[in-house]
Amino acid sequence: MNVYNHYSLKRLNTFGIDVAARLFIDCFSVDDVRHMISYAGSQPIFVLGGGSNMLFLSDIEGVVARPQMRDIKIVSQKADEVVLRADAGVVWDNLVSFAVSHNFYGLENLSGIPGTVGASPVQNVGAYGAEAGQTISKVEGVLIPSGKAFVLSGDECEFGYRDSIFKHELKGKAMVTAVEYKLKTHGELNLDYGPVSQRVSEFGGATLQNVRSAIIDIRNSKLPNPQKQGSAGSFFKNPEVDSSIASAIHSRYELMPHYKLPNGRVKIPAGWLIEQAGWKGKSLGAAAVHDKQALVIVNNGGATGADVMNLANAICHDVKKLFGIELEMEVCKIGGK
């Protein structure tokens, strides 16, 4: 366990917000996690993974803890099914690469997503028609502040759209230490979302590796590189609306992209709504809407969390005024009042 005082988090969040933690602790084992909890005492503990889905609004007065356990192993394998176990500190895309290289099906559409394994059940990360929760069979962790170990099944995680029990009952009360994923050794590829099918064809046809390559290529063409321009990827959730609302908007915008859901509701891309509201490529102070993907807010240099929120609030106001739809943030706000 490594402990640091007044530690800068600027390089540890993909938005590049310049804030610091009063106390920062790296944990290299489950025992370290328990020691960290004891060391923190009554101070609040914030768990930091890859820093890719959060917006810091202020310095962190409590403890910021980062799991650094990074092992991947095959727990079991049958004729058509395999279970992978990955520690919370594993870089998410390294896990996807491991699965694809072993011809395991289920994670390929989630290629290129920044962050770590520990965040995958918290956020129920998803992209291009797939979600991590569809494959998660078990989540291991430690409760805060008791230090007791817990194990949850995938069903017990209560996965929803970018949602889980870790954002509700267990918010701030648990640290994920490892996740198990149940994947297929034979399976059907999911090519039906957006431009995936066409791009896979351009890469040579429907194979696991070609799907991974196509997804990464699509992401790179639309999303900024956080090493060069700070962002948190998709800033807003794609809203799900009643079919009557979708029909009313469609009558005004014939080219409105939309996806019918099994529950009868309709998902409309938030990026399209934001673009129609006139925000694509526009800036407000040091924060801006990305010029290639309106779902992404970027740091043009020196932006604070407040700058980003001012822009986000302005976008929400205009989208609601134009469409009557309230956008919901996908990014988690950390700190502030």
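Residues numbered from 1 in each chain as written. Predicted model: local features only at pLDDT ≥ 70, side-chain atom pairs only at ≥ 80, totals over all residues. Heavy atoms only, no water.

Chemist: What exactly am I supposed to notice about the overall build of the protein here?
Modeler: A count of helices and strands for the protein gives eight helices and 20 strands. For the protein, whose C-alpha radius of gyration is 20 Å, the value lies close to the compact-globule estimate of 20 Å for 337 residues. The principal-axis extents of the C-alpha atoms in the protein amount to approximately 60 × 55 × 35 Å. Across the 337 residues of the protein, 49% fall into the buried class. Residue pairs at least 24 apart in sequence account for 61% of intrachain contacts in the protein once pairs closer than 6 positions are excluded. Working note: accessible area of the protein is about 15,700 Å², and carbon and sulfur atoms make up 48% of it. (Helix = DSSP H or I, 4+ residues; strand = E, 2+ residues; numbered from the N terminus. Rg over C-alpha atoms; globule rule 2.2 N^0.38 Å. Buried < 20%, exposed > 50% of the residue type's maximum accessible area, 1.4 Å probe, protein only. Contact = heavy atoms within 4.5 Å. Areas by Shrake-Rupley, 256 points an atom, 1.4 Å probe, with all protein chains shown as cover.)

Chemist: Before we go on, may I ask you to explain the sheet that holds strand β10 (residues 136-143) in this structure?
Modeler: Pairing between the strands of a sheet comes from backbone hydrogen bonds, and it takes one of two forms, parallel or antiparallel. Taken together, the five strands give an open sheet; going across it, the order is β6-β7-β12-β10-β11, and neighbouring strands pair in antiparallel fashion. With one partner strand each, in any of the chains shown, β6 (72-77) and β11 (149-153) form the two edges of the open sheet. Going across the sheet, the axis of each strand differs from the next one's by a mean of 20°, ignoring polarity. (Pairing = 2+ DSSP bridges. Axes fitted to C-alpha atoms, helices over the stretch in contact; angles between N-to-C directions.)

Chemist: I keep staring at the packing of aromatic side chains and nothing clicks. Help me out?
Modeler: Ring pairs (aromatic) are described by centroid distance and by the angle formed between their planes. Going through the model one piece at a time under the given rule, you end up with 13 aromatic pairs. Geometrically, the ring pair formed by F150 and F166 is tilted, given 6.3 Å between the ring centres and 40° between the ring planes. With F150 in strand β11 and F166 in the loop between β11 and β12 (174-184), this residue pair connects regions lying 16 residues apart in the sequence. Assessed through its relative accessible area of 9%, F150 is described here as buried. The buried category is assigned to F166, whose relative accessible area is 6%. Between Y253 and W272, the ring centres sit 5.3 Å apart and the planes meet at 90°, which makes this aromatic pair edge-to-face. Within this pair, whereas Y253 is found in the loop between α6 (243-252) and β15 (259-260), its partner W272 is found in helix α7 (residues 270-276), the two being separated by 19 residues in sequence. (Phe/Tyr/Trp six-rings, centres within 6.5 Å; stacked < 30°, edge-to-face > 60°.)

Chemist: Help me understand the sheet that holds strand β19 (residues 296-299), please; the structure alone is not making it clear to me.
Modeler: What the four strands build is an open sheet, ordered β13-β19-β18-β17; its pairing is antiparallel. Bordering the open sheet on either side are β13 (230-234) and β17 (283-284), each of which pairs with just one other strand. In this structure, β13 lies alongside β19, joined through three bridges in antiparallel fashion. Paired with S234 across the bridge in β19 is V296. This element, helix α8 (residues 305-323), spans β17, β18 (287-289) and β19 of the sheet and lies at about 35° to β18.

Chemist: Sorry if this is basic, but what is going on with the environment of L95 here?
Modeler: As for its placement among the helices and strands, L95 is situated in helix α2 (residues 92-101). The exposure class of L95 is buried, given its relative accessible area of 0%. If we skip the residues at most four places from it in the chain, L95 touches I72, L84, A86, V90, L107, V117 and Y181.

By themselves these figures say nothing about function.
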